[in-house]
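Notes for the structure review
One letter stands for each residue in the lines below.
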Amino acid sequence: MKKTIFTAMTAMLLVGCCGNKKQALSTPEIEKFNYTVDQFADMQILRYRVPGIEQLSLQQQEMLYYLTEAALQGRDILYDQNGKYNLTIRQLLEAVYTDVQQDTASADFKALETYLKRVWVSNGIHHHYAGDKFVPEFSQSFFEKSVKQLPAEQLPLRDGETVDDLLAELIPVIFDPAIDAKRTNQEAGVDLVTTSAGNYYDGVTQTEAEDFYAKMKDPNDAEPISYGLNSRLVKKDGIVQEEVYKVGGRYSAALEKVVFWLEKAAAVAENDQQRAVIEKLIEFNKTGNLRTFDEYAILWVTDTASTIDFVNGFTETYGDPLGMKASWESIANFKNTEATKRTTIISDNAQWFEDNSPVAKEFKKEKVKGVTAKVITAAILAGDCYPTTPIGINLPNANWIRAAHGSKSVTIENITEAYDQSAHGNGFAEEFAWSPVEIALMDTYKNQTDNLHTDLHECLGHGSGKLLPGVDPDALKSYGATIEEARADLFGLYFMADPKMVELGLLPNDSAYKAQYYSYFMNGLMTQLMRIEPGKNIEESHMRNRQLIANWVYQKSQADGDKAVEMCERGGKIFVVINDYKLVQKHLGELLAEIQRIKSTGDYAAAQAIVEDYAVKVDQKLHTEVLERYAKLNIAPYKGFVNPVYKASFDKTGKFTGLSIDYTEGYAEQHLRYSKEYSPLTK
Ligand code: ZN
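Residues numbered from 1 in each chain as written. Predicted model: local features only at pLDDT ≥ 70, side-chain atom pairs only at ≥ 80, totals over all residues. Heavy atoms only, no water.

**As for the overall build of the chain**
- Counting its secondary structure elements, the chain contains 26 helices and 16 strands.
- Over its C-alpha trace the chain gives a radius of gyration of 25 Å, about what one expects of a compact globule, namely 26 Å for 683 residues.
- On the principal axes, the C-alpha backbone points of the chain span a range of 75 × 60 × 55 Å.
- Residues counted as buried form 60% of the 683 residues belonging to the chain. (Helix = DSSP H or I, 4+ residues; strand = E, 2+ residues; numbered from the N terminus. Rg over C-alpha atoms; globule rule 2.2 N^0.38 Å. Buried < 20%, exposed > 50% of the residue type's maximum accessible area, 1.4 Å probe, protein only.)

Shown next, in the form of structure tokens:
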């Protein structure tokens, strides 16, 4: 596992929650908070609370404020990384949306509004999750006419460019689905670089890019540099070269502002180590030196004492078809001390879990290294974490740093709370759960057990077990990711039903885990199919993992004739029924033992067989039924967020006196404001 960033995919699991609730976490603030903001296309926009911010010291609040500003200043970078026309298109659409006099009730205008909202969601013109280009539903003539009504100074024109030039360049990019069809092409057998619309390369082929970096790499370096991470690779005057993202280099105007706010944050850091972390990041932004980046990552991962923390910079490489170049992202956050007690208990007992797992002894670790894990409260989401966001992060990504210095694993609980709360009463559980018993179980315990399962998956699951000597870590090849996610999920699921959970105070009683089992099986056997297009099979590794686990246990239960899990029909609809939760745990343990054996021995043939047999194929009849039942509920399959608005106060001498937080900003309002206040890369 190179990196574990929870995607919207994982977050989707949380969406399938339940009707009117009474649960442990419920407080008057949560009851009153309005989590929903907007809905359009396949998106619902939510807002999140930032509880506990008022308990931070004045100095911590000041630092947090500077980090939120440093986060927002990077917004334009991601648009440009996602495609070279994105910033121009955004600017043009926003100008038409706000400044052209027209009939706002017309179908064209409404379609423009939806398209612009989708561009904001995706930080560009490709779907934020699928990566396919989406095309507008307004007419080309409407667009041309509207653009021509704008005064020249509002047009993003380059020197000497006319409005006709601009339209001629952009119209195919916006309207023709065949041009720049995919942001990040992963299809085998084609040049991935030239067929991807992302802006990480310009004028170079895949072979040229691979050759360029192959020459740089030293295969004997025990501390290999993440070459290519912070640059665009271009061919200029016939020479392949990097445009490095740094102050004075590419994205300088944005990075200068990021550095400005980071410097302010460093001046009010909580402690020396944290100050050193920020100063190292500033140095990296100024020099672009990737050795400095590694030094920064080591300082960052070993700072576990600070309350305030952040990610700010070029981090994840999913957007690059070659997996080297990182997109810009930021999350400023602070520790949720109360909830972190839970992850501390898990980490402290890591050895007990390893010793008591159902896998064969030769595949267990004799000595488990505790994983640093904490629960955090996000204060701002930006770049590739906005407006769609992970619910957990595990960094840094460099394997040698993880091995030598460990990694930080976080769960973002104010985000999972928003997902969970916004799903209450949306009719999902009522439609898909077998009976009021399961609905009540999920109502009461699902939020809690989801968080716990995430913790177990992250803190213990991925870190458990060992490879036998000589086994290649990449032996399972394209099946590796599914097997690895299944291993981590199974570890969490198996132990969730163990009496140890109640004994450690992680669950309130011995039936709470059933909420997790039921929702996991309902999702893995049925409801996750709502995200698959008709006729398609399952490709994504997290989804494969969930079907693998649920389907294997179901088939095993059929084969054994024990009826632990059944699929039952009632009133023409299919439901998942769990008759014996303890037996389900037993089967989960059997599967965990087998999955760990496959991993430990690098048994490619077995990995291929188990994934292809259980995880990939979709029952067409059931799929159609799920899609029909889901469509009737009118639930948006993807969620995004608006950020709160922070206002810092200073006295006459410039001393910070406090931070106020406002949750009322709307979705379009927020993006239009960001484009005014945080747009260093546009004219
Ligand atoms: Zn994972």
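**Observations concerning the side chain of Asp-38**
- Of note, Asp-38 is situated in strand β2 (residues 36-40).
- Excluding its chain neighbours within four sequence positions, the residues that come into contact with Asp-38 are Met-43, Gln-44, Ile-45, Lys-117 and Tyr-667. (Contact = heavy atoms within 4.5 Å.)

**Digging into the sheet that holds strand β14 (residues 638-642)**
- Across the sheet, which stays open at both edges, the three strands sit in the order β2-β3-β14 with mixed pairing between neighbours. Each having just a single partner strand, β2 and β14 make up the two edges of the open sheet. Mean inter-strand twist for the sheet, computed between neighbouring axes without regard to direction, equals 25°.
- Both strand β3 (residues 43-47) and β14 contribute to a ladder of five bridges, which runs parallel. Directly across from Gln-44, in β14, lies its bridge partner Lys-639.
- The strands that helix α6 (residues 107-122) touches are β2 and β3; relative to β2, the one it contacts most, it runs at about 115°. (Pairing = 2+ DSSP bridges. Axes fitted to C-alpha atoms, helices over the stretch in contact; angles between N-to-C directions.)

**Regarding the packing of aromatic side chains**
- In the structure shown here, the tally under the stated rule is 39 aromatic pairs.
- Aromatic pair Phe-353 and Phe-495: ring centres 5.0 Å apart, planes at 85°, arrangement edge-to-face. In this pair, Phe-353 sits in helix α14 (residues 350-356) while Phe-495 sits in helix α19 (residues 480-496), placing the two residues 142 residues apart along the sequence.
- Through a chain of ring-to-ring contacts, three or more aromatic side chains come together here, namely Tyr-115, Phe-134, Phe-138, Phe-142, Phe-143 and Phe-175.
- The ring of Trp-434 carries the charged tip of Arg-570 above its face, separated from the ring centre by 4.4 Å.
- Geometry around Phe-575 places Arg-570 over its ring, the cationic atom sitting 4.5 Å from the centre. (Phe/Tyr/Trp six-rings, centres within 6.5 Å; stacked < 30°, edge-to-face > 60°. Lys NZ or Arg CZ within 6 Å of the ring centre and 35° of its normal.)

**With respect to the confidence of the model for the chain**
- With 95% of its residues at a pLDDT of at least 70, the chain reaches an overall mean of 92.
- Scored below 50 in pLDDT, residues 1-26 shows 99 contacts in the model against residues more than four places distant or in partner chains. (pLDDT = per-residue confidence, 0-100.)

**Considerations on the coordination of the zinc ion**
- Within the protein, His-457 (NE2), His-462 (NE2) and Glu-485 (OE) serve as the donor atoms for the zinc ion, at 2.1 to 2.2 Å.
- Expressed as a motif, the donor residue spacing for the zinc ion is H-x4-H-x22-E. With His-457 in helix α18 (residues 436-461) and Glu-485 in helix α19, this residue pair connects regions lying 28 residues apart in the sequence.
- Accessibility expressed as a relative area gives 3% for His-457, which makes it buried.
- Exposure remark for Glu-485: the relative accessible area of 8% places this residue in the buried category. (Donors = N, O, S within 2.8 Å, 3.2 Å for Na, K, Ca; no water.)

**Observations concerning the sheet that holds strand β5 (residues 231-236)**
- Strand order in the open sheet formed by three strands is β4-β5-β6, with mixed pairing between adjacent strands. Since the sheet does not close on itself, it has two edges, and those belong to β4 (201-202) and β6 (239-244), each with one partner.
- By the bridge criterion, two bridges tie β4 to β5 in an arrangement that is parallel. Pairing of Tyr-201 across the sheet is with Leu-233, part of β5.

**Observations regarding the pairing of strand β9 (residues 372-383)**
- Among the twelve residues in β9, eleven count as buried, and that is most of the element.
- Judged from the seven bridges that link them, strand β8 (residues 327-335) and β9 form a sheet pairing that is antiparallel. What sits directly across from Ala-332, in β9, is Ile-380.
- Bridge count between β9 and strand β11 (residues 408-412): five bridges; the pairing is parallel. What sits directly across from Ile-376, in β11, is Ile-412.

**Things to note about the packing of α19 against helix α21 (residues 513-525)**
- At a minimum axis distance of 9 Å, the contact between α19 and α21 shows a crossing angle of 140°. Between α19 and α21, the crossing angle belongs to the class labelled oblique. Contact residues: α19 offers Asp-489, Leu-493, Tyr-494 and Met-496, while α21 offers Tyr-513, Gln-516, Tyr-517 and Tyr-520.
- Considering only residue class, the contact of α19 with α21 consists of six nonpolar, one polar and one charged. (Parallel < 35°, antiparallel > 145°, perpendicular 65-115°, else oblique. Nonpolar A, V, L, I, M, F, W, Y, C, P; charged D, E, K, R; others polar.)

**Some remarks on the environment of Ser-464**
- Mapped onto the elements of the fold, Ser-464 is located in the loop between α18 and α19.
- Of the residues examined, Ser-464 reaches a relative accessible area of 6% and is grouped as buried.
- The spatial distance from the C-alpha of Ser-464 to the C-alpha of Phe-491 is 8.4 Å, given a sequence separation of 27 residues.
- Polar side-chain contacts of Ser-464 include one of 3.0 Å to the backbone oxygen of Gly-461. (Polar contact = N/O pair within 3.5 Å; in protein donor to acceptor, adjacent residues only side chain to side chain.)

**Some remarks on helix α5 (residues 86-99)**
- With 14 residues, α5 ought to run about 20 Å at 1.5 Å a step, and its terminal C-alpha atoms sit 20 Å apart, in line with that.
- Judged by how many residues are buried, α5 sits mostly within the fold: eleven of 14 residues are covered.
- Every buried residue belonging to α5 is among Asn-86, Leu-87, Ile-89, Arg-90, Gln-91, Leu-92, Leu-93, Glu-94, Ala-95, Val-96 and Tyr-97, and all of these are buried.
- Here the buried face of α5 lies against α4 (75-82), α6, α7 (140-148), α8 (163-175) and α26 (667-677). (Expected span 1.5 Å × (residues − 1).)

**Quick look at the packing of α21 against helix α22 (residues 541-560)**
- Between α21 and α22, the shortest axis-to-axis distance is 8 Å and the interhelical angle comes to 105°. As judged from the angle between their axes, α21 and α22 are roughly perpendicular. Mapping the contact onto sequence places Tyr-520, Phe-521, Asn-523, Gly-524 and Leu-525 in α21 and Asn-545, Arg-546, Gln-547, Ile-549, Ala-550, Asn-551, Val-553 and Tyr-554 in α22.
- Here the residues of the contact of α21 with α22 sort into seven nonpolar, five polar and one charged.

**With respect to the pairing of strand β10 (residues 392-395)**
- Of the two faces of β10, the one carrying Gly-392 and Asn-394 and the one carrying Ile-393 and Leu-395 are both buried.
- As paired strands, β10 and β11 are joined by four bridges and run antiparallel to one another. Residue pairing in the sheet places Leu-395 in a bridge with Lys-408 of β11.

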